[in-house]
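# Descriptive analysis of the structure
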Amino acid sequence: MNRKYSVRKIKEKLGLLLFRAAIVISGIFLVMFAVMIILRGGSVFIKTCAVNEIADNYRLRNVIIKNGVIIDNKKYDLSINGKIIKGLLKKGMASDIEIKDDIINEMKILNLQADRIENSYARINTGKSAIDTGNPELLKNIQFCIIEGAAAELVEASEYIMSGGVEITKIKTNLVFTGGFLENISIKNGIIRKMKLVKPLRRFSLHFIFASPEAGMTAGGIFPALIGTFYLTIMAMLLAFPIGVLAAIYLNEYAWPPRAVQIIRTAINTLAGVPSIVYGLFGMAVFVNFLAFQVSILSGALTLAVLVLPIIINASEEALKTVPREMREASLGLGATKRQMIMTVVLPAALPNILTGAIIAVGRAAGETAPILFTAAAFYFPGLPESIFSPCMALPYQIYALMTEGTARVQTSIAYGASIVLLLLVLAINSSAIILRGIIRKKRQW
Amino acid sequence: MSADRPLRKITAWKNTTEKLFFILVLFAALTAIVFLSGIIISIFSQSIQIFQHTGFWKFISGTAWHPDQDPAEYGILPLIIGTVTVTIIAMLIGIPLGVGSAVYIAELAKPREREFLKPVIELLAGIPSVIFGLFGMVYLAPFVASFFNLPTGMTALSAGIILGIMTVPIISSLSEDSLYSVPRSLREASLALGGNKWETIVNIVIPAAKSGIITSIILGFGRAVGETMVVLMVAGNSPVFPKNIFTPVRPMTSTIAAEMGEAPMGSMHVSALFGIGAVLFIITFTSVIVTEYIRSRIKKNTGNSI
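This structure is a prediction, so every number in the text was calculated from the model and none was measured.

## Brief notes about the overall build of chain B
Secondary structure assignment for chain B yields 12 helices and two strands. Element order for chain B, N to C, with α for helix and β for strand: α-α-β-β-α-α-α-α-α-α-α-α-α-α. Scored against the burial criterion, the 306 residues of chain B give a buried share of 54%. Across chain B, the fraction of contacts at a sequence separation of at least 24, relative to all contacts at a separation of at least 6, is 70%. Accessible area of chain B: about 13900 Å², with a carbon and sulfur share of 65%.

## Here we look at the packing of helix α5 (residues 129-147) of chain B against helix α6 (residues 156-180) of chain B
All names here are of chain B. Packing of α5 against α6 brings their axes to within 9 Å, and their N-to-C directions diverge by 135°. As the angle between them shows, α5 and α6 are arranged oblique. For the element pair α5 and α6, the recorded crossing hand is right-handed. Two secondary-structure elements touch here, α5 through Ser-129, Phe-132, Phe-135, Gly-136, Leu-140, Ala-141 and Val-144 and α6 through Leu-157, Ser-158, Ile-161, Ile-162, Ile-165 and Met-166. Grouping the amino acids of the contact of α5 with α6 by side-chain chemistry returns 10 nonpolar, three polar and no charged.

## Looking at the nonpolar core
Judged by nonpolar contacts, the single largest core of 160 residues is most densely connected at Ile249(A), Tyr250(A) and Phe59(B). It is helix α3 (residues 223-254) of chain A that provides the largest number of residues to this core, a total of 15 residues. Listed in part, the 21 residues of the second largest apolar core include Val99(B), Ala102(B), Ile121(B) and Val182(B).

## Observations regarding a nonpolar patch on the surface
Judged by side-chain polarity, Phe230(A), Tyr231(A), Ile234(A) and Leu238(A) come together as a nonpolar surface patch covering roughly 410 Å² of accessible area. Positionally, Phe230(A) belongs in helix α3.

## A closer look at the pattern of salt bridges
All names here are of chain B. Inspection of the entire model under this criterion finds 14 salt bridges over all chains. The residue Lys-118 makes a salt bridge to Glu-176 at a minimum N-O spacing of 2.9 Å. Of this pair, Lys-118 sits in helix α4 (residues 111-125) while Glu-176 sits in helix α6, and the two are 58 residues apart along the sequence. One exposure class covers both Lys-118 and Glu-176, and it is buried. Among the ionic pairs, Lys-118 bridges to Asp-177, the shortest N-O distance being 2.9 Å. Separated by 59 residues along the polypeptide, Lys-118 in helix α4 and Asp-177 in helix α6 bring together distant segments of the chain. Through salt bridges with shared partners, one network takes in Arg-114, Lys-118, Glu-176 and Asp-177.

## Describing the interface of chain B and chain A
Chain B puts 82 residues into the contact, and the matching count from chain A is 88 residues. Contact between chain B and chain A buries roughly 8000 Å² in total, counting both sides, with carbon and sulfur atoms accounting for 78%. Here chain B is connected to chain A by three salt bridges. Arg8(A) is the salt-bridge partner of Glu199(B), the closest N and O atoms lying 2.7 Å from each other. On inspection of chain B and its partner chain A, the count reaches eight residue pairs in polar contact (both at pLDDT 80 or more). When residues of the side of chain B that touches chain A are assigned to their parent elements, the largest contribution, 20 residues, is made by helix α1 (residues 16-54) of chain B.

## Structural notes on the side chain of Thr291(B)
All names here are of chain B. Structurally, the position occupied by Thr-291 is in helix α12 (residues 268-302). Taking relative accessible area as the criterion, Thr-291 reaches 10% and is therefore assigned buried. Leave out the neighbours within four places in its chain, and Thr-291 touches Thr-215 and Ile-218.

## Observations regarding the packing of α4(B) against α6(B)
Residue and element names in this part refer to chain B. Across the interface, α4 lies against α6 with an axial gap of 8 Å and an inter-helix angle of 140°. The orientation of α4 relative to α6 falls into the category oblique. Where α4 crosses over α6, the two elements pack in a sense that is left-handed. For the pair α4 and α6, contact is made by Arg-114, Lys-118, Ile-121, Glu-122, Leu-124 and Ala-125 and by Pro-169, Ser-172, Ser-173, Glu-176, Asp-177 and Tyr-180, respectively. In terms of residue class, the contact of α4 with α6 is built from five nonpolar, two polar and five charged.

## Here's the deal with the environment of Ile311(A)
All names here are of chain A. Considering the arrangement of structural elements, one finds Ile-311 in helix α6 (residues 297-321). For the pair Ile-311 and Ala-240, spaced 71 residues apart in sequence, the C-alpha separation works out to 9.8 Å. Contact partners of Ile-311, with chain neighbours within four places excluded, come to Ala-361 and Arg-364.

## Comments concerning the environment of Ser296(A)
All names here are of chain A. Positionally, Ser-296 belongs in the loop between α5 (276-290) and α6. For Ser-296, a relative accessible area of 0% translates into the label buried. Separated by 64 residues in the primary sequence, Ser-296 and Leu-232 place their C-alpha atoms 9.7 Å from one another. In this view, Ser-296 contacts Thr-375, Ala-376, Ile-388, Phe-389, Ser-390 and Pro-391; residues no more than four positions away in its chain are not counted.

## Considering the packing of aromatic side chains
By the definition in use, this model includes 20 aromatic pairs over all chains. For the ring pair Trp256(A) and Phe22(B), a centre distance of 6.1 Å and an interplane angle of 50° mean the geometry is tilted. Taken together, the residues span two chains, with Trp256(A) in the loop between α3 and α4 (258-273) and Phe22(B) in helix α1. For Phe22(B), a relative accessible area of 8% gives the class buried. With a centroid separation of 6.0 Å and an interplanar angle of 15°, the aromatic rings of Phe281(B) and Phe285(B) are classed as stacked. Pair noted here: Phe281(B) and Phe285(B) are both in helix α12, with a separation of four residues, about one helical turn. Grouping aromatic residues by their ring pairs yields a cluster made of Tyr250(A), Tyr254(A), Trp256(A), Phe21(B) and Phe22(B). Across the ring face of Tyr254(A), the terminal group of Lys338(A) is positioned such that the distance to the ring centre comes to 4.8 Å. Here Arg114(B) stacks its cationic end above the ring of Tyr180(B), 3.4 Å away from the centre of that ring.

Procedures and definitions
Residues numbered from 1 in each chain as written. Chains lettered and ligands numbered in written order. Predicted model: local features only at pLDDT ≥ 70, side-chain atom pairs only at ≥ 80, totals over all residues. Heavy atoms only, no water. Helix = DSSP H or I, 4+ residues; strand = E, 2+ residues; numbered from the N terminus. Buried < 20%, exposed > 50% of the residue type's maximum accessible area, 1.4 Å probe, protein only. Contact = heavy atoms within 4.5 Å. Areas by Shrake-Rupley, 256 points an atom, 1.4 Å probe, with all protein chains shown as cover. Axes fitted to C-alpha atoms, helices over the stretch in contact; angles between N-to-C directions. Parallel < 35°, antiparallel > 145°, perpendicular 65-115°, else oblique. Left-handed = near helix turned anticlockwise from the far one by under 90°. Nonpolar A, V, L, I, M, F, W, Y, C, P; charged D, E, K, R; others polar. Core = buried A, V, L, I, M, F, W, Y, C linked by side-chain atoms within 4.5 Å. Patch = residues over 30% accessible without salt bridge, like charges linked within 9 Å, V, L, I, M, F, W, Y side chains within 5 Å. Salt bridge = Lys/Arg side-chain N within 4 Å of Asp/Glu carboxyl O. Buried area = accessible area lost by both parts, 1.4 Å probe. Polar contact = N/O pair within 3.5 Å; in protein donor to acceptor, adjacent residues only side chain to side chain. Phe/Tyr/Trp six-rings, centres within 6.5 Å; stacked < 30°, edge-to-face > 60°. Lys NZ or Arg CZ within 6 Å of the ring centre and 35° of its normal.

Here you go:
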């Protein structure tokens, strides 16, 4: 008896431990997930600016400077993703600069709006076109500043291997500066005359959110994508919310004839289970092609509206169910018609709960990617959309496109930044719904 | 307290406004049917071309997917196998973690813990899938590659793991609801008869909440089958038969997403992609019907006692 009891006890302990383990494992994974995304993406919100010095003479040999910004030696104002550059190159961010034997062999200038390129020998690639200027003799008095995220390095290496023109796979280092960036380097006759190692001073900046993408999605911010997502979501909700609430009123208040109700319910359940990519196909076949709205905000919003409709109906119906029967009876007893009862008593009472459901639907619509792939999304459509018939950028699609179609490394960090914004957006939307529900439950009179 | 049955008695039915309002809400509800038939008609009418070309059975049992070869081959069995593989892995992770954590929250957690965990789980259910995809691409895939010493981490396994984690909040949230609504008296009866906590949970509470748990699992399954972005980003995009779970696969959803942009308008290829959509639709429709059947059966068996 005693032994059996202890076996039971152990079994119980182990069993309960299993349940505990389940939640701990899920918790660990999801926390890890959030932390990693934020760690990686956080850098886009950090504006790097600067102080402090090292000055010395170094001979430039086989130096690779990655992701530098060419600036004026006197006046500069740096911002991440290289926006403000004065002096030799105006508004350009130089990346992948390779200096070999005192000559800049290759330099990519991103977002080039240079009105003056002088005193430099560089082959400048701006996407497709290449400009060749200057002659090697003029590589003098050129100023470099390097930023790469936050930490940059100047590497003087005697041996290095290049792969793909940019990556260093093996390096034998003589001198490495990290955790800072360099400015005011003046090179004369191949010798660094002046150099300043600047330790970055980091500041939080919202530039990333409120700026347009630049240089073929390698720099700048995500504002158009944010606006695109906003339009799509708001329009989808404007379309789906009234229909959803009215449909819920039908199902919960009238529910007649019974046969129709059954069919409608099955239809709603099916709609709720249809994969989002199938919605995308439907939107493409019907809105884009058949109704000829083209790839546009309208098509995308309509598709998303159909997608969130079952969510809104279900949530609204649940909300209507919580309104007590007594309230209805009282209303009818006072001589109200059924419509009056619904509009003046039931709907106001259920509205907060309906809104909670609607907010969750907003979060869903904002985060969906597959339905807008073929109906609304454009990878690069800078500037704000002019009408509902133009395509738009959208945040979730942007993340996907940057990760899969993008080539440049910087795009990964932009994708991370965008996903932080999207994550915070959706979490904020959903938590406001949860908080709202909490308030309603506390305040409820019945 | 709730209105279980609507008030059927219709007052002042003669009133025109009343009628118009009824017609308005009826039409709003009918939009659900309109949209559903819209989906069915648009998907199936576009895929008729491919079903006539290859035949439905050959389409779903064909072993080669080469839409851009000449002659093109449209067999989606490798894609179906891809979906099945990824979904099975996802369910192997999602069901134990989801149901386990639901049991913890409903039965074992202290009230304050529950108050915290419940909304957190709901929040997690709302995380956009593309962010999970990003995570899988950048962290999980390299980890899988180095851990199992594979040439690429973009495998069925990685996609399955991510999908599994994604379904945890869905399964957990719904299962918890149904576990929590199991009447206290059942637990008390079991405890009074000498059952311990584990025995009560396994023998009494879980069977009582069976229908809700099964529904949540089917919902999670539907999510895993229909999820596009994660598999598009993580599964490796290789439309061939997977030899094992460590090879890249391409599930049905991601095939549509990946190839629709390249396929010329009105071509057989587009029709084949719509055909995949039709198959996906059939799968989800079946699972909805199965859910409703299970629900109604369990209701019949257990009666209204619970």
